[in-house]
Amino acid sequence: MKPVLIVYYSRNGSTKRLADAIAQGVTSEGVPVIVRTVPAISSNINEDTNEELTTQAQPSSNDAPFVTPKELADCCALALGSPTRFGNMAAPVKHFLDSTSNLWLKGALIDKPACVFTSSSSMHGGQESTLLSMMLPLIHHGMVFCGLPYSEPELHSTTTGGSPYGVTHVAHHNMTTPNQLSDDEKALCFAQGKRLATLAKKLSSTSS
């Protein structure tokens, strides 16, 4: 079976923790998983030409390798993660999605399941609107959205992250010492990865 692809952007490690926890849920179903990141983006304006200069950073030793278009095209399912930026996905994730037009033209992601996940530094920092912002391009790709049902007990008990739209983490930190995932957040990540893998297996069997 083709692998589940987990793609994320993380500055302080919180979104990466979510990605790694989701991966555990995927592998629990015997489905291979690939974890990848996207480059950071910084933009500057050339004062002489007024043109935007965009640079992309290289991954650090603690990051996964950068995702490739082939990995996205070849996956059986996608989990996409981003920190919250003013209630929206981070620019590197938007840049990555904007680069997938060729796959959209080919219909390469149609009928593949997908989920989204995010982290913010405050409880009401725009997590659900960020998840919704990441869903929209995936819907345009024809992907099948995979959320979390309320049959997951942690959705009822969590006082940290957790949403039916996708798993989340509340990182009450000072930007240099992110919190570890709570027990509820870990459980929901595992459930999300497990559900994504289960759905991928079902859809793969019906299309073969």
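Residues numbered from 1 in each chain as written. Predicted model: local features only at pLDDT ≥ 70, side-chain atom pairs only at ≥ 80, totals over all residues. Heavy atoms only, no water.

**Some thoughts on the pairing of strand 2 (residues 33–37)**
For step 1, the next point in the chain: In terms of strand pairing, strand 1 (residues 4–8) meets strand 2 through 5 bridges, oriented parallel. From the neighbouring strand, Tyr-8 faces strand 2, where its bridge partner is Thr-37.
For step 2, the next point in the chain: Read as a crossover between parallel neighbours, the route from strand 1 over helix 1 (residues 14–27) to strand 2 is right-handed. (Pairing = 2+ DSSP bridges. Helix = DSSP H or I, 4+ residues; strand = E, 2+ residues; numbered from the N terminus. Right-handed = clockwise from strand over helix to strand, strands pointing away.)

**Some points on unusual backbone geometry**
For step 1, the next point in the chain: Although it is not a glycine, Phe-86 sits at a positive phi angle of roughly 55 degrees.
For step 2, the next point in the chain: Tracing the backbone through its elements, the reader meets Phe-86 in the loop between strand 5 (77–85) and strand 6 (88–89).
For step 3, the next point in the chain: Residue Asp-111 is not a glycine yet carries a positive backbone phi of 70 degrees.
For step 4, the next point in the chain: For Asp-111, the location among the structural elements is in the loop between helix 4 (101–106) and strand 7 (113–120).
For step 5, the next point in the chain: Relative accessible area serves as the criterion here: at 53%, Asp-111 is assigned to the exposed category. (Buried < 20%, exposed > 50% of the residue type's maximum accessible area, 1.4 Å probe, protein only.)

**Describing the environment of Pro-92**
For step 1, the next point in the chain: For Pro-92, the location among the structural elements is in helix 3 (residues 91–98).
For step 2, the next point in the chain: In the structure, Pro-92 is positioned 10 residues away from Ser-82 in sequence and 8.7 Å away in space, judged by C-alpha atoms.
For step 3, the next point in the chain: Ignoring sequence-local partners within four residues, the contact set of Pro-92 consists of Tyr-9, Val-38, Pro-39, Ala-40 and Ile-41. (Contact = heavy atoms within 4.5 Å.)

**Focus: the nonpolar core**
For step 1, the next point in the chain: In terms of nonpolar packing, the biggest core is built from 28 residues, with Val-4, Ile-6, Ile-22 and Phe-117 touching the most fellow members.
For step 2, the next point in the chain: Dropping the residues within four chain positions of it, Ile-22 is found in contact with Ile-6, Ala-79, Phe-117, Val-167, Cys-189 and Gly-193. (Core = buried A, V, L, I, M, F, W, Y, C linked by side-chain atoms within 4.5 Å.)

**Side note on the confidence of the model for the protein chain**
For step 1, the next point in the chain: Mean pLDDT over the protein chain stands at 89; residues scoring 70 or higher make up 86%.
For step 2, the next point in the chain: Put simply, strand 4 (residues 52–56) is where the protein chain has its lowest mean pLDDT, 54, and strand 1 is where it has its highest, 98. (pLDDT = per-residue confidence, 0-100.)

**Points about the side chain of Ser-120**
For step 1, the next point in the chain: With respect to the helices and strands, Ser-120 occurs in strand 7.
For step 2, the next point in the chain: Ser-120 has contacts with Thr-84, Gly-125, Gln-127, His-169, Val-170 and Ala-171, leaving out every residue within four places of it along the chain.

**Some points on helix 5 (residues 127–140)**
For step 1, the next point in the chain: Taking 1.5 Å of rise per residue, the 14 residues of helix 5 would be expected to cover 20 Å, and the 21 Å separating its terminal C-alpha atoms lies within 8% of that figure.
For step 2, the next point in the chain: Of the residues making up helix 5, those classed as buried are Gln-127, Thr-130, Leu-131, Ser-133, Met-134, Met-135 and Leu-138.
For step 3, the next point in the chain: Lining the buried residues of helix 5 we find strand 5, strand 6, helix 3, strand 7, strand 8 (144–145) and strand 9 (168–170).
For step 4, the next point in the chain: Following helix 5 by one or two positions, Gly-142 adopts a phi angle in the positive range, close to 85 degrees. (Expected span 1.5 Å × (residues − 1).)

**What to know about the state of the cysteines**
For step 1, the next point in the chain: For the structure shown, the criterion picks out 0 disulfides.
For step 2, the next point in the chain: In this structure Cys-75 is not part of a disulfide, and its nearest cysteine sulfur, from Cys-76, lies 6.6 Å away.
For step 3, the next point in the chain: Accessibility expressed as a relative area gives 1% for Cys-75, which makes it buried.
For step 4, the next point in the chain: Cys-146 forms no disulfide, and the closest cysteine sulfur to it belongs to Cys-115, at a distance of 5.9 Å. (Disulfide = S-S within 2.5 Å.)

**Description of the pairing of strand 5**
For step 1, the next point in the chain: Counting buried positions over the 9 residues of strand 5 gives 8, a clear majority of the element.
For step 2, the next point in the chain: As defined by bridge partners, strand 1 adjoins strand 5 across 5 bridges and the pair is classed as parallel. Bridge assignment links Val-4 to a residue of strand 5, and that residue is Ala-77.
For step 3, the next point in the chain: Where strand 5 and strand 6 come together, 2 bridges link them in antiparallel fashion.

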